[in-house]
Amino acid sequence: MLKIRYMNLHVKNETSTLRAVVLGQPGSIGKKPTLDTTYDAKSYESILKDEYPTEEAIYKEMSAFEKVLLKYDVQVFRPWILENCNQVFARDVGFVIDDKIINSNIIPDREDEKEAYEGVYNQIAYNKIYNLPEKAHVEGGDVVLFNDLVFVGCYFGVDYPQLKTARTNLYAFNFLKELFPDKTLIPLELKKHDTNPRLGVLHLDCAFMPASNGKAIIYKEGFLHPKDYDMLVDMFGKQNVFDITQEEMYFMNANIFSISPGVVVSEEHFTRLNEHLEKEWGITVERVPYYEISKMGGLLRCSTLPLVRYDD
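The notes below deal with the structure included here.

How each quantity is defined
- Residues numbered from 1 in each chain as written.
- Predicted model: local features only at pLDDT ≥ 70, side-chain atom pairs only at ≥ 80, totals over all residues.
- Heavy atoms only, no water.
- Pairing = 2+ DSSP bridges.
- Helix = DSSP H or I, 4+ residues; strand = E, 2+ residues; numbered from the N terminus.
- Axes fitted to C-alpha atoms, helices over the stretch in contact; angles between N-to-C directions.
- Contact = heavy atoms within 4.5 Å.
- Salt bridge = Lys/Arg side-chain N within 4 Å of Asp/Glu carboxyl O.
- Buried < 20%, exposed > 50% of the residue type's maximum accessible area, 1.4 Å probe, protein only.
- Core = buried A, V, L, I, M, F, W, Y, C linked by side-chain atoms within 4.5 Å.
- Lys, Arg positive; Asp, Glu negative; His and termini not counted.

Take the sheet that holds strand β7 (residues 149-154) next. The three strands lie next to each other as β6-β7-β8, forming an open sheet whose pairing is mixed. The outermost strands of the open sheet, each flanked by one partner alone, are β6 (143-146) and β8 (184-189). For this sheet the average axis-to-axis angle between neighbouring strands, irrespective of direction, equals 20°. Strand direction decides the pairing type here: β7 and β8, joined by six bridges, are parallel. Across the sheet, V150 pairs through a bridge with L185, a residue of β8. Each of β7 and β8 touches helix α4 (residues 170-179); the most contacted strand, β8, lies at about 165° to it.

This part covers the sheet that holds strand β13 (residues 263-267). Taken in spatial order, the three strands line up as β12-β13-β14 in an open sheet, and their pairing is mixed. Edge positions in the sheet fall to β12 (257-260) and β14 (284-288), since each of these pairs with one other strand and no more. Pairwise comparison of adjacent strand axes, ignoring direction, gives a mean angle of 30° for this sheet. Inspection of the sheet shows β13 paired to β14 by five bridges, in the parallel sense. Its bridge partner lying in β14, S266 is registered against R287. The strands touched by helix α2 (residues 55-71) are β12, β13 and β14; relative to β14, the strand with the most contacts, the crossing angle is about 150°. Across the sheet, helix α7 (residues 271-279) touches β13 and β14, and the angle it forms with β14 is around 155°.

Right, let's get into the pattern of salt bridges. Evaluation of the coordinates by the stated rule reveals 19 salt bridges. Residues D228 and K227 are paired through a salt bridge, measuring 3.4 Å at the closest nitrogen-oxygen approach. Residue K227 is classed as exposed on the basis of its relative accessible area of 57%. Sharing partners across several salt bridges, the network here consists of E45, K49, R198 and E247.

Of all hydrophobic cores here, the largest spans 61 residues; its most connected members are L69, F208 and F223. In terms of residues, this core owes the most to one element, α2, which gives five residues. Counting residues in hydrophobic clusters, the runner-up holds 38 residues, among them V93, L176, L305 and V308.

One non-glycine residue with positive phi stands out, namely D50, at about 60°. Tracing the sequence through the fold places D50 in the loop between α1 (41-48) and α2.

Now for the side chain of S16. Tracing the backbone shows S16 in the segment before β1 (17-23). You can call S16 buried: its relative accessible area is 5%. In this structure S16 touches I259, S260, P261, R309, Y310 and D311, once residues within four positions along its chain are discounted.

Attention now moves to the side chain of D142. Position of D142 among the secondary structure elements: in the loop between β5 (129-131) and β6. Buried charged residue D142 carries no salt bridge. Nearest counter-charge: K192, at 4.9 Å. The contacts of D142, once residues within four sequence positions are left out, are F151, V152, G153, R167, T168, L190, L202, H203 and L204.

Counting through the fold element by element, M62 comes out in helix α2. On the basis of relative accessibility, which here comes to 0%, the residue M62 falls in the buried class. Along the sequence, M62 and P26 sit 36 residues apart, while their C-alpha atoms lie 7.0 Å from each other. When neighbours within four sequence positions are excluded, M62 is seen to be in contact with L23, G24, Q25, P26, R78, V88, Y290, I293 and S303.

This is the structure in structure tokens:
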């Protein structure tokens, strides 16, 4: 009898050694969107300034990222290529907590992306795949894991339905609390703005990201409530926090990606951050070009969906 062997999902935090990951797809991204069809402030600005990246530029940057992942013996999965569909940001489609993968309820304009992940989902046991109730809105960029803690970027304002950049609601937060009763889920409300990328934060991973064991990158002004920033600083310790400026947030300095506690992939132009990671925290920084992709509202972490991470 044929024995079916499924992939054992395992992700408890953002920094343990990466073994398997889905990397988004740069091919056949389709036509440049119009202003009214953009769904984040950075893309809106890029269209307004006529700076939206070309498919060739996106392919070049994602290839550089994949090369680094393969250098560290990470198994890299890719979604199938869908014609005329932007599939760069795999993090929005789903996310893994412990041994479960949660299918995001992404905005309707991007619903087609999910079918491209069938090849990945076929390798996961069906009882480890969770679909959200229709009213529960959450994307992987708003879910940051820290072992027994799960930080969830949210927006609870009454104008939630009108904001394109509000992606995770209270209903989803409560659903995740029920799904993971042994975890402590911490809501962090984010400032939102649909057209000015300096005045709002699309996802939590643009304002807060653990970088190594007990270290974190934080953008203070990204949080709606100052007490949330203070709580994070108290938790990590001031000496273990790298505060980024508004301009650094705009270029997405927080959206790095850890391959292990000692290795981080970062954008090559993040000079101040990269030097701090290396000189102050002793982390190896793999620098890649990702500036063009940043014009679409995401960076390195946004492009990935980790499936397996293990402590060495």
